[in-house]
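Examining the three-dimensional arrangement
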Amino acid sequence: MRTSGRHFLQIPGPTNVPDRILRAMDRPTIDHRGPAFGAMCGKLLNDLKAVFRCDGPVYIYPASGTGAWEAAMVNTASPGDHVLMYETGHFASMWSKLASNLGLVPEVIEGDWRSGADAAAIGARLAADKTHSIKAVCIVHNETSTGAVSPISDIRDQIDAAGHPALLMVDTISSLGSIDYRQDNWGVDVTVAGSQKGLMLPPGLSFNAVSSKALEASKSAKLPKSYWSWSEMNGPNDRGFFPYTPATNLLFGLAEAVSMLSEEGLDNVFARHSRHAAATRRAVRTWSLDVLCTNPRHYSSSLTAVVMPEGHDADAFRRVILENFDMSLGNGLSRLAGRVFRIGHLGDFNDLMLAGTLSGIELGLEIASVPYEKGGVQAALDDLAEARKAGRSHAPLAHAV
Ligand SMILES: *Cc1c(COP(=O)(O)O)cnc(C)c1O
């Protein structure tokens, strides 16, 4: 049966692709070794640095985010290297599985899947590593399975305080372009990112933003690599080209996304995400449901994971909302399956889209007979109205600066 109106894609990635980006990609594919492409990509590779807030190179792969995880590891590590990881949730555990598949030895600090990484615990582990056997610290900035953000600059401080030479690698797949992030300022060596979340593109591109320390480490890294090799990219990238066929039309879209972020201003983009996240939490509390993240300093601006009341299955609830209101919400991943649903409020999103999203959830709670208190949508609207009246754009949360 035909469904009227637009689908609400409120999973925490892929996100709604704005018409401007769809239009930018709706063009004939051009010669990826011709002058028009070189000029476009030369500029793009440079403009991208403002999004990562970095001076070093940003490598682009035609791959999902997982490809960029692999690229980060194979370019910097040698077989048997230890890497320190913090298990904030599903995505952190997938990254550590990838590392061990590649022949690395992840040392995993367990988390409770309800908060970001504990910087002090990372510092203690590094201080105890007198022989410097740990070669990298790998952290998921925004853990998309739980809606918890890790304090990257605190972790950098801990690495420095321990006098430890490990590289710092950060997965920003669901935070870049949504939550304050500063590669150079925070001393990050490799930033991993993907196209389909805060960057508002379809899936299919991923990124490594690389520090000079990581480039240096790549010269002696012994894991086998070819397709992912940074050094193969360097020469061609200098002229706006790639060593193989790039995803030409996605790159047109990326150039448009970078323009859109810069027109709005990154700080305004972060403030908008933080305002929508605050209004969402207010709705969730008014419904008498729990936000999964228990540490207010770690609340995510990209998504909110909501705990279902005991005896109610989150996937059955999501199905009711999809069937009745044509809205997709995120599912609970691995150990959270059936127990939480996730509201994506990242990317190309505004107050009225949030109002529609929360209305769909409140309608769903009613018709699925989930125990809840009415008024969540109204509480969120009050929050949004207060923010507008105060001319307030919520400052980014303290942990983010
Ligand atoms: C989405 C996501 C990934 C996985 O990216 P793919 O594009 O599916 O490979 C990894 N880490 C985080 C934090 C994510 O949000």
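Worth saying up front: this structure is predicted, and the values here are computed from it rather than measured. (Residues numbered from 1 in each chain as written. Predicted model: local features only at pLDDT ≥ 70, side-chain atom pairs only at ≥ 80, totals over all residues. Heavy atoms only, no water.)

1. Regarding the pairing of strand 9 (residues 190–194)
- Most of strand 9 sits inside the fold, with 5 of its 5 residues counted as buried.
- Side chains Val190, Val192 and Gly194 of strand 9 all project onto a buried face; the interleaved residues Thr191 and Ala193 project onto the opposite face, where all are buried too. (Buried < 20%, exposed > 50% of the residue type's maximum accessible area, 1.4 Å probe, protein only. Helix = DSSP H or I, 4+ residues; strand = E, 2+ residues; numbered from the N terminus.)

2. Focus on the site of the ligand
- Around the ligand sit 13 residues in total, of which Ser64, Thr66, Thr144, Asp171 and Lys197 are the nearest.
- Within the contact set of the ligand, an oxygen atom lies 2.6 Å away from a side-chain nitrogen or oxygen of Ser64.
- Asp171 places a side-chain nitrogen or oxygen 2.7 Å from a nitrogen atom of the ligand.
- Contact with the protein chains covers 87% of the free accessible surface of the ligand, which is 380 Å².
- Looking at which element gives the most residues to the shell around the ligand, the answer is helix 3 (residues 65–76), with 3 residues.
- Class assignment for the residues of the shell around the ligand results in 4 nonpolar, 7 polar and 2 charged. (Near = heavy atom within 4 Å. Polar contact = N/O pair within 3.5 Å; in protein donor to acceptor, adjacent residues only side chain to side chain. Areas by Shrake-Rupley, 256 points an atom, 1.4 Å probe, with all protein chains shown as cover. Nonpolar A, V, L, I, M, F, W, Y, C, P; charged D, E, K, R; others polar.)

3. A closer look at unusual backbone geometry
- Look at the link from Gly13 to Pro14: it is a cis peptide, with omega at -5°.
- Tracing the backbone shows Pro14 in the loop between strand 1 (8–10) and helix 1 (19–25).
- The backbone of Trp113 shows a phi angle near 60°, a positive value even though the residue is not glycine.
- Topologically, Trp113 is positioned in the loop between strand 4 (105–110) and helix 5 (119–128).
- Despite not being glycine, His132 shows a phi value in the positive range, around 55°.
- With respect to the element layout, His132 can be found in the loop between helix 5 and strand 5 (134–140).

4. As for the state of the cysteines
- All chains considered together, the criterion is met by 0 disulfides.
- For Cys54, which is in no disulfide, the shortest distance to another cysteine sulfur is to Cys41 and amounts to 16 Å. (Disulfide = S-S within 2.5 Å.)

5. With respect to the packing of aromatic side chains
- A complete count under the given rule lists 10 aromatic pairs for this structure.
- Ring centres of Phe37 and Phe242 lie 6.4 Å apart, and the angle between their planes is 65°; on these two criteria the pair is classed as edge-to-face. With Phe37 in helix 2 (residues 35–52) and Phe242 in the loop between helix 8 (230–238) and helix 9 (248–264), the pair connects residues that are 205 residues apart, well separated along the chain. Accessibility classification places Phe37 together with Phe242 in one group, the buried group.
- Ring geometry for Tyr227 versus Trp228: centroids 5.0 Å apart, planes at 85°, classification edge-to-face.
- Here a set of aromatic residues connected by ring pairs shows up, and it is made of Tyr61, Tyr227, Trp228 and Tyr244.
- Geometry around Phe252 places Arg27 over its ring, the cationic atom sitting 3.9 Å from the centre.
- Just above the ring of Phe91 sits the side chain of Lys197; from NZ or CZ to the centre is 5.4 Å. (Phe/Tyr/Trp six-rings, centres within 6.5 Å; stacked < 30°, edge-to-face > 60°. Lys NZ or Arg CZ within 6 Å of the ring centre and 35° of its normal.)

6. Some details on the sheet that holds strand 2 (residues 58–61)
- Sheet architecture is open: 7 strands sit in the order 2-10-9-8-5-3-4, paired in mixed fashion. The strands lining the two open edges of the sheet, one partner per strand, are strand 2 and strand 4. Here the average twist between neighbouring strands, direction ignored, is 20°.
- Relative to strand 9, strand 8 (residues 167–171) is paired through 3 bridges, and the arrangement is parallel. Bridge pairing in strand 9 places Asp171 opposite Val192.
- Against the sheet, helix 6 (residues 152–161) contacts strand 5 and strand 8, and its axis sits at roughly 165° relative to strand 8. (Pairing = 2+ DSSP bridges. Axes fitted to C-alpha atoms, helices over the stretch in contact; angles between N-to-C directions. Contact = heavy atoms within 4.5 Å.)

7. What to know about the environment of Pro79
- Note that Pro79 resides in the loop between helix 3 and strand 3 (82–87).
- Linking Pro79 and Val105, residues 26 residues apart in sequence, is a C-alpha distance of 8.6 Å.
- Excluding residues within four positions of it along the chain, Pro79 makes contact with Gly103, Lys222 and Leu223.

8. Observations concerning helix 9
- Over its 17 residues, helix 9 runs 25 Å from end to end, which matches the ideal 24 Å to within 8%, given 1.5 Å per residue.
- For helix 9, the complete set of buried residues consists of Thr248, Asn249, Leu250, Leu251, Phe252, Gly253, Leu254, Ala257, Val258, Met260 and Leu261.
- Looking at the buried residues of helix 9, the elements they touch are helix 1, helix 2, strand 2, strand 10 (206–210) and helix 10 (266–286).
- Gly265 lies just past helix 9 and shows a positive phi near 90°. (Expected span 1.5 Å × (residues − 1).)

9. A look at the packing of helix 11 (residues 314–325) against helix 12 (residues 351–367)
- As a packed pair, helix 11 and helix 12 sit with axes 9 Å apart at the nearest point and diverge in direction by 115°. The angle between helix 11 and helix 12 places the two elements in the roughly perpendicular class. In the packing of helix 11 onto helix 12, the handedness of the crossing is right-handed. Of helix 12, the residues touching helix 11 (which contributes Phe317, Val320, Ile321, Asn324 and Phe325) are Gly360, Ile361, Leu363, Gly364, Leu365 and Ile367.
- When grouped by side-chain class, the residues that make up the contact of helix 11 with helix 12 number 8 nonpolar, 3 polar and no charged. (Parallel < 35°, antiparallel > 145°, perpendicular 65-115°, else oblique. Left-handed = near helix turned anticlockwise from the far one by under 90°.)

10. Structural notes on the domain arrangement of the chain
- Assigned domains within the chain: domain 1 (8–15 + 265–394) and domain 2 (20–262).
- Taking the mean C-alpha position of each, domain 1 and domain 2 sit 27 Å from one another.
- Counting residues at the interface gives 32 residues for domain 1 and 36 residues for domain 2.
- For the pair domain 1 and domain 2, the summed buried surface comes to about 2,600 Å²; carbon and sulfur atoms form 56% of the total.
- Three residues stand out in domain 1 for area buried against domain 2, namely Leu266, Phe270 and His298, and they jointly supply 22% of the buried area on that side.
- Applying the counting rule to domain 1 against domain 2 returns 2 salt bridges.
- The partner of Asp267 in a salt bridge is Arg53, and the shortest N-O contact between them spans 3.4 Å.
- For the pair domain 1 and domain 2, the number of links is 16 residue pairs in polar contact (both at pLDDT 80 or more).
- Counting residues per element, the ones that place at least two in the side of domain 1 that touches domain 2 are helix 10 and strand 12 (303–307).
- Tallied by class, residues from the side of domain 1 that touches domain 2 come to 15 nonpolar, 12 polar and 5 charged. (Domains from an automatic or database assignment. Buried area = accessible area lost by both parts, 1.4 Å probe. Salt bridge = Lys/Arg side-chain N within 4 Å of Asp/Glu carboxyl O.)

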